[in-house]
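Tertiary structure, described
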Amino acid sequence: MNSQENKELVMSPDLILYNAKIITVDEKFTIAQAVAIKDGRFVAVGASNQILSLARESTKTLDLEGKTVIPGFIDGHFRLLDRATAQKYGANISLSESVGDILDAVREAAARIPKGQVITSNSGWFPQMLQEGRDPTKEELDAVAPEHPVILRGEYIYLNSYALKQFKITKNTPQPEYGWIEKDPVTGEPTGVLMGDAAKLLDGVHLKFSAEQKRNALLWALGECAKAGVTSIREGGISIPDLRFYHQLYREGKLPIRVSAQLSLNMSLPISEILSNFEQFYLNNPFGDRWFQIDRASYIFADDEYNRSNLSTPIYNQRVPEERVRRFHSSRDGSTEKIEQIITGMAKLGISGGILAGGDLAIDEVLDILDRVNDLYPLSDRRWIISQLFYPQERHLAKMKKLGVVLTPMWHHYYYYPALEVYHGKTVAQTMDPFKMLIESGVPVGLGSDISSIPLNYFTAIYFLHTRNTWKWGLVNPDQGISREQALRLLTINNAYVTFEEKEKGSIECGKLADLVVISDDIMTVTAEKIPLIKPLLTIINGQVVYSVWTTN
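Residues numbered from 1 in each chain as written. Predicted model: local features only at pLDDT ≥ 70, side-chain atom pairs only at ≥ 80, totals over all residues. Heavy atoms only, no water.

If you look the chain up in an unreviewed UniProt entry, it shows as Amidohydrolase from Chrysosporum bergii ANA360D.

Summing up its helical and strand segments, the chain has 18 helices and 23 strands in all. A compact globule built from 553 residues would reach a C-alpha radius of gyration of about 24 Å, and the chain, at 24 Å, matches this within 12%. Principal-axis analysis of the C-alpha atoms gives the chain an extent of 85 × 60 × 45 Å. A total of 553 residues make up the chain; the buried ones form 57% of that total. Long-range contacts, defined here as pairs at least 24 residues apart, represent 74% of the contacts in the chain between residues at least 6 apart. Of the roughly 22,000 Å² of accessible surface on the chain, a fraction of 49% belongs to carbon and sulfur atoms. Across the chain, the centroid of the 59 positively charged side chains sits 3 Å from that of the 67 negatively charged ones. (Helix = DSSP H or I, 4+ residues; strand = E, 2+ residues; numbered from the N terminus. Rg over C-alpha atoms; globule rule 2.2 N^0.38 Å. Buried < 20%, exposed > 50% of the residue type's maximum accessible area, 1.4 Å probe, protein only. Contact = heavy atoms within 4.5 Å. Areas by Shrake-Rupley, 256 points an atom, 1.4 Å probe, with all protein chains shown as cover. Lys, Arg positive; Asp, Glu negative; His and termini not counted. Charge placed at Lys NZ, Arg CZ, Asp CG, Glu CD.)

To continue, consider the environment of Gly 72. As for its position among the elements, Gly 72 is in the loop between strand S7 (68-71) and strand S8 (73-75). Spatially, the C-alpha atoms of Gly 72 and Arg 134 are 38 Å apart, while their sequence positions differ by 62 residues. Residues within four places of Gly 72 in sequence aside, it is in contact with Gly 229, Thr 231, Leu 491, Thr 492, Asp 515, Leu 516 and Val 517.

The next point concerns the pairing of strand S20 (residues 406-409). Here S20 shows a buried face lined by Val 406 and Thr 408 and a second buried face lined by Leu 407 and Pro 409. Pairing of strand S19 (residues 385-388) with S20 involves 4 bridges; the strand directions are parallel. Residue Ile 386 lies in a different strand from S20, and its bridge partner there is Leu 407. The parallel pair S19 and S20 is bridged by helix H12 (residues 394-403), and the resulting crossover is right-handed. (Pairing = 2+ DSSP bridges. Right-handed = clockwise from strand over helix to strand, strands pointing away.)

The tally for this structure, following the rule as stated, stands at 16 aromatic pairs. Summarising the aromatic geometry, the rings of Trp 125 and Tyr 158 are spaced 5.3 Å apart at their centres and angled 40 degrees between planes, so their arrangement reads as tilted. Remark: Tyr 158 occurs in strand S10 (residues 157-159) and Trp 125 occurs in the loop between helix H4 (99-112) and helix H5 (138-144); sequence separation between them is 33 residues. Among the aromatic side chains, those forming a connected cluster through ring pairs are Phe 73, Trp 411, Tyr 414, Tyr 415, Tyr 458, Phe 459, Phe 464, Trp 471 and Trp 473. Arg 383 extends its terminal NZ or CZ atom over the ring of Tyr 497, reaching a point 3.6 Å from the ring centre. (Phe/Tyr/Trp six-rings, centres within 6.5 Å; stacked < 30°, edge-to-face > 60°. Lys NZ or Arg CZ within 6 Å of the ring centre and 35° of its normal.)

Attention now goes to helix H13 (residues 413-424). Here H13 is 12 residues long, yet its end C-alpha atoms lie only 14 Å apart, well below the 16 Å a rise of 1.5 Å per residue gives. When you tally the buried positions in H13, you get 10 out of 12 residues, the bulk of the element. Listed as buried for H13 are His 413, Tyr 414, Tyr 415, Tyr 416, Tyr 417, Pro 418, Ala 419, Leu 420, Tyr 423 and His 424. Against helix H14 (426-429) and helix H16 (458-467) lie the buried residues of H13. Immediately downstream of H13, the backbone of Gly 425 shows phi near 85 degrees, a positive value. (Expected span 1.5 Å × (residues − 1).)

Glancing now at the pattern of salt bridges. This model, assessed by the stated rule, comprises 38 salt bridges. Measuring nitrogen to oxygen at the nearest pair gives 3.0 Å for the salt bridge that ties Asp 82 to Arg 83. Here Asp 82 falls in the partly exposed class, since its relative accessible area comes to 23%. The residue Arg 258 makes a salt bridge to Asp 515 at a minimum N-O spacing of 2.7 Å. Of the two residues, Arg 258 is situated in strand S14 (residues 258-263) and Asp 515 in the loop between helix H18 (493-498) and strand S21 (516-519); the sequence distance between them amounts to 257 residues. Asp 515 carries the same exposure label as Arg 258, and that label is buried. Residues joined in a network through salt bridges with shared partners are Asp 304, Glu 305, Arg 308, Arg 332 and Asp 333. (Salt bridge = Lys/Arg side-chain N within 4 Å of Asp/Glu carboxyl O.)

If you walk across this open sheet you meet the 4 strands as S17-S18-S19-S20, and the pairing is parallel. The open sheet is flanked by strand S17 (299-301) and S20, the only strands paired with a single partner. The mean inter-strand angle of the sheet, taken between neighbouring strand axes irrespective of direction, is 25 degrees. Relative to strand S18 (residues 354-357), S17 is paired through 3 bridges, and the arrangement is parallel. Across the sheet, the residue bridging to Ile 300 is Ile 355, located in S18. Most of the contacts of helix H10 (residues 336-349) go to S17, to which it runs at about 160 degrees, and overall it touches S17 and S18. (Axes fitted to C-alpha atoms, helices over the stretch in contact; angles between N-to-C directions.)

A separate point is the environment of Asn 49. Looking at the secondary structure, you find Asn 49 in helix H2 (residues 48-52). Separated by 27 residues in sequence, Asn 49 and Gly 76 have C-alpha atoms that sit 36 Å apart.

Low pLDDT means the predicted coordinates in that region are not meant to be read closely. Residues at a pLDDT of 70 or more form 98% of the chain, whose mean pLDDT is 95. Below pLDDT 50 for its whole length, residues 1-7 participates in 2 contacts with residues either more than four positions away or in separate chains. (pLDDT = per-residue confidence, 0-100.)

Bringing the sheet that holds strand S4 (residues 34-38) into the picture now. Strands pair in a sheet through their backbones, by hydrogen bonds, and they do so in one of two ways: parallel or antiparallel. Sheet architecture is open: 4 strands sit in the order S5-S4-S1-S6, paired in mixed fashion. Edge positions in the open sheet fall to strand S5 (41-46) and strand S6 (60-63), since each of these has one partner strand only. Taken over all neighbouring pairs, the strand axes of this sheet differ in orientation by 15 degrees on average, direction set aside. Pairing between S4 and S5: 5 bridges, direction antiparallel. Bridge assignment links Ala 36 to a residue of S5, and that residue is Ala 44.

Taking 1.5 Å per residue, 12 residues should reach 16 Å; helix H8 (residues 240-251) reaches 16 Å between its end C-alpha atoms and fits that length. Leu 243, Phe 245, Tyr 246 and Leu 249 are the residues of H8 that are buried. Viewed along the axis of H8, the buried residues span an arc of 140 degrees, placing them on a single side of the element. H8 presents Arg 244 and Arg 251 as exposed residues on the side facing more than 90 degrees away from its buried surface. (Arc of directions from axis to C-beta.)

In structure tokens:
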């Protein structure tokens, strides 16, 4: 075989998509007409006639008739397995609009789940989102599921009377060291609301699912992601036992989309045990391959939910005593000193992690810790993540750039904004998620979802990022709207950077993994109001069709 024949064999594509508007999301945001794929990678991108000239008898071709193509979506932070299992086998109450919606979901679950067995739920709702502005009462839960212990997940844990009796939670039950059992101020009887570590009284029954249930839920959820145009998912914080479900599918060749994971971390362990575990069990991250990898070795909490954000302004409407606010979760709460010891130990070993820091003071604290550690063990190439960060300020930017941190804020405030306003006040809440400031500063920014509902609409995310218009509550911090191009980068190439994979995926360029989505409308030109109505028509991962509304020939 001569060199020309060999070159033609190598370049002979498996698949060509042509007559399209291909938004490559490369450095110049190039628009092409066609793309050729071979052995799971893009081998040519350009004009239709140029790319079609590469076709051979074995090459499949698909005329997209002017449709738009984008790189596959990458979700930078999504607790997929946990959300999927709870949604599939519990009551689906995520994004409920009223107390009535929640009660209807519990009633449906009661008809499906044998009497006496626990009815749990996914989360993804806040009382402030509901029409009534409150959570369901134990009496309302009693009415729709009198013969089941009900344990709903949300901002807190919500029980009916059956569950309170089953777990022997009474007016005489002492408050735990961490967390809070809410009790009626008049009668002293428990209201059914458990906060923080008070949930340990349930012995985790609301989180226990069989291996078969977890596997089935995971396969279903991964398939739903592919239908939504997602080609890679990043688990934001997962235990090693749960990670094994992904690993099993990976070994069997049954992962339909790519998976990267950040491991969770139990902060309640002694510091010596935490550091010893790192030395014994963790390799320098990332490790794995392009289908399945671990990108960070821990997820550390510097602050927590909206009602516990470390802010320079007051937090309103607390439901727990003030001294309990920073004593909620023993597995999350740690002193600044302990957090610094953990980060220092990790940096010494050459591994990195993610840190949740929502409030501006928490971000200050995290950056100061990382700066001190950086003096001992340079961090700029380790890409430490700061996650959530509701309220980053201009004062944070220079240090972020110096330390090489990567930011993964969430787009879930499209739905959850009312909780910020209730706890932080409207003036502060209207400054949340300053994406434009972050992007223009040059700090690397990815994007997570962290929403409990499956499947998600990632075109809604782009709509929110661009317009700053929320689900039902109007514009929020509208000056921080970003362009459609910037929004698309956050959900593709920027999230590839989050997982150390920007040279492998996230854009449609020669040599990169062939992950793309054909969509129903042109995301760059359709009116803003129609962006959430865009639908994935074809999802290709590694050059293979994993979802299609068409028959591809």
